[in-house]
Amino acid sequence: MIAFAMSKLNILLITSDQQHWNTLGQFNPEIQTPALDKLAAQGTTFTRAYCPNPTCTPTRASMITGKYPSQHGAYSLGTKLPETEPTVGDLFRAAGYRTALVGKAHFQPLHSTEEYPSLEAYPRLQDLKFWQDFDQPFYGFDHIELARNHTDEAHVGQHYALWMEENGLSNWRDYYLQPTGNVVAQRRKWLIPERFHYNAWIAERSNSLLSQYRDAGEAFFLWASFFDPHPKYLAPEPWDTMYDPDDITVPELTPGEHDNSPPHLQLTQQPDPDFSAWQEPNGSGCHGFHSHLHERDELAKDIACYYGMVSCMDKYIGQILDHLDDLGLAENTLVVFTSDHGHYFGQHGLIAKGAFHYDDGIRVPMIARLPGRIPANRISHSLQTLVDYAPTFLDFCGLDIPEEMTGLSQQAVWGGDESGAREHVIVENRHQPTTLHLKTYIGVAVSTRHDERYKITLYFNREYGEIYDLTNDPGELNNLWADTRLRAELTEAFLRAEMQKEEPLSEVSLSLPNKSAVMCLKSCNMRFKQINFDPAEDRYELFDLAADPGCTCNLWNDPAYGEDRAEMTRALLFSRWGLEPLWMPRVSGA
């Protein structure tokens, strides 16, 4: 197809939901993804891409704000992104772009309250007349077509239900669970005809918008947001039987690997675990806090179905990419494919998702294509985070990046120049307001090294944690938490990274709810000792206030004070975490 001339660069973002990083045919011979493999051949695949949070709402909000969940407010499932938060869609609209989202949004919870109303909640979720007439901007998207159900969930409604009715499936309730639908139970085989599957809806409606924008000569930012392969494991014919469970590699728990794991991970391998210590009044259900014991043969069948869901989705992603090419827009459209977070199907003995920060849950597939600007058929091992998407999209389009966006433009790195690649990424997970608050740092141990090999996970106000050497232990089986020297180095690197992503607070940031310079602590006093930790000023100090009340002798590098330095650095890091805003409670589980 001859290229269609447009003066502005377009953005096409395609996402899946809860897709394990190693479910692309490009790397995994057990699965077929021809459309995504073709996209990879035409662009660059990033093997070390991470989500900012291993659940839907926080990560999706980060993708459109360029901020971490602790900064934009949607810190967990069951919360919502405040409407006051500026989004990348707002900026594209201001620059004359058309902006649209088709598929899953999940910026708001399933439950609505008077104080925290949600458009994605019952009963409005299933008020089809409301959605038929809805024409308001939604988080920077001037056009939305939404659904909220994964597979046959009773949450079905919104624009997807309207589309099914408009296309002749008047009995669509026969394919969905009670009480919305008439189904009692389905497992692995979804009886809905494939032509009415939400993959078909997303592809058809995305392609219609692409045609509309092309015919009108309008630049666009379009997000095609797929729901699969998020469980439950359910696929229409023939995809439900595409893969033979006997041919599937089934990941397994390595005996003894959780002997040194935090307690909640150990509990997952018990038949009747007690997770009550992590519940709290202003929280909600803890995803993954249950027994993960399973039968291998049943899991093999689940994985086979999961792979079928990926391959079915790949077919419809291919339809969107082919249509973009047929319209002559491929040469002038940045295409990015990724997932909002990962998935466990037996790795470390775990199933689905939860407060578990192994790479299986936080690493995501990622491909970017832009002919002439992003190298073709290339594999990059540079660290990537979805927080960087908003500023990178703006930078590619020649638009200014707001100061309040804490993500970094990856335009040069995506273009093949990795000299300025990230040295670290951060993954947050405040799943409960106080009892379940963890973060992970992946990167260099100290600023003088350039080997992004380590991963440390800290749990707010807990004595336990996790450290893995991703170079020598890519399977993350050997927890190095007992290595106090390495733990101290990585904690300091973590604190330095946290400060860099928070500061300085711009005037715009300070004008948003619950933002304050008091969050930016740089000092900690404990047992007549004081540390000052300020990377921006290259100031690292430790004083013994009892022996030196005038603070004249800096003991930062004194080995005799090494334990004090490590303990106080960790205390300062946790103090900053504790000051992060909680603008709303969790009002639902999702």
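Note that the structure is a prediction, hence the values are computed from the model and not measured.

Draft legend 1. The arrangement of helix α15 (residues 562-578) in detail. With 17 residues, α15 should cover 24 Å at 1.5 Å per step; its first-to-last C-alpha distance of 24 Å lies within 8% of that length. Every buried residue of α15 is listed here: Asp564, Arg565, Met568, Thr569, Arg570, Ala571, Leu572, Leu573, Phe574, Arg576 and Trp577.

Draft legend 2. Representation of the packing of helix α7 (residues 198-216) against helix α9 (residues 296-326) within the structure. Packing of α7 against α9 brings their axes to within 9 Å, and their N-to-C directions diverge by 10 degrees. Overall, the two elements α7 and α9 adopt an arrangement that is roughly parallel. Here α7 contributes Asn199, Ala200, Ile202, Ala203, Ser206, Asn207, Leu210 and Ser211 to the contact with α9, which in turn contributes Cys312, Met313, Tyr316, Gln319, Ile320, His323 and Leu324. For the contact of α7 with α9, the residue count by class is nine nonpolar, six polar and no charged.

Draft legend 3. How the structure looks around the sheet that holds strand β20 (residues 539-544). A sheet is described by the order of its strands in space; here three strands give the open sequence β18-β19-β20, paired in antiparallel fashion. At either end of the open sheet lies a strand with only one pairing partner, and these are β18 (523-526) and β20. Neighbouring strand axes in the sheet, compared pairwise and without regard to direction, differ in orientation by 10 degrees on average. Of the pairings in the sheet, the one linking β18 to strand β19 (residues 529-534) comprises four bridges and is antiparallel in character. Bridged to Cys524 within β19 is Ile531.

Draft legend 4. The pattern of salt bridges, seen in detail. Applying the stated criterion across every chain yields a total of 38 salt bridges. A salt bridge links Lys232 to Asp152, with the nearest nitrogen and oxygen atoms 3.2 Å apart. Taken together, the positions of Lys232 in the loop between β6 (220-225) and β7 (234-236) and Asp152 in the loop between β4 (143-147) and α6 (158-166) put the pair 80 residues apart, joining distant regions of the chain. By relative accessible area, Lys232 is classed as partly exposed at 29%. The class for Asp152 is buried, based on a relative accessible area of 1%.

Draft legend 5. Region of the structure containing the sheet that holds strand β14 (residues 424-430). The strand order across the open sheet built from four strands is β14-β15-β16-β17, with neighbouring strands paired in antiparallel fashion. The sheet is open, and its two edges are formed by β14 and β17 (465-469), each paired on a single side. Direction aside, neighbouring strands of the sheet carry axes that sit 10 degrees apart on average. Where strand β15 (residues 437-443) meets strand β16 (residues 454-459), six bridges bridge the pair, whose relative direction is antiparallel. Bridge pairing links Lys439 to Leu458 in β16. Packed onto the sheet, α15 meets β14, β15 and β16 and runs at close to 65 degrees relative to β16.

Draft legend 6. Structural detail: the packing of aromatic side chains. Within the structure shown, the criterion is met by 45 aromatic pairs. On the numbers, 6.2 Å between centres and 50 degrees between planes, the contact of Phe107 with Trp223 is tilted. Of this pair, Phe107 sits in the loop between β3 (98-104) and α5 (128-133) while Trp223 sits in strand β6, and the two are 116 residues apart along the sequence. Each member of the pair, Phe107 as well as Trp223, carries the same accessibility label: buried. On the numbers, 5.5 Å between centres and 20 degrees between planes, the contact of Tyr213 with Phe220 is stacked. Exposure class is identical for Tyr213 and Phe220. Each is buried. A cation over a ring is seen here: Arg124 above Phe130, with NZ or CZ 4.4 Å from the ring centre. The ring of Tyr68 is capped by Lys501, whose NZ or CZ atom sits 4.7 Å from the centre of that ring.

What counts as what
Residues numbered from 1 in each chain as written. Predicted model: local features only at pLDDT ≥ 70, side-chain atom pairs only at ≥ 80, totals over all residues. Heavy atoms only, no water. Helix = DSSP H or I, 4+ residues; strand = E, 2+ residues; numbered from the N terminus. Expected span 1.5 Å × (residues − 1). Buried < 20%, exposed > 50% of the residue type's maximum accessible area, 1.4 Å probe, protein only. Axes fitted to C-alpha atoms, helices over the stretch in contact; angles between N-to-C directions. Parallel < 35°, antiparallel > 145°, perpendicular 65-115°, else oblique. Contact = heavy atoms within 4.5 Å. Nonpolar A, V, L, I, M, F, W, Y, C, P; charged D, E, K, R; others polar. Pairing = 2+ DSSP bridges. Salt bridge = Lys/Arg side-chain N within 4 Å of Asp/Glu carboxyl O. Phe/Tyr/Trp six-rings, centres within 6.5 Å; stacked < 30°, edge-to-face > 60°. Lys NZ or Arg CZ within 6 Å of the ring centre and 35° of its normal.

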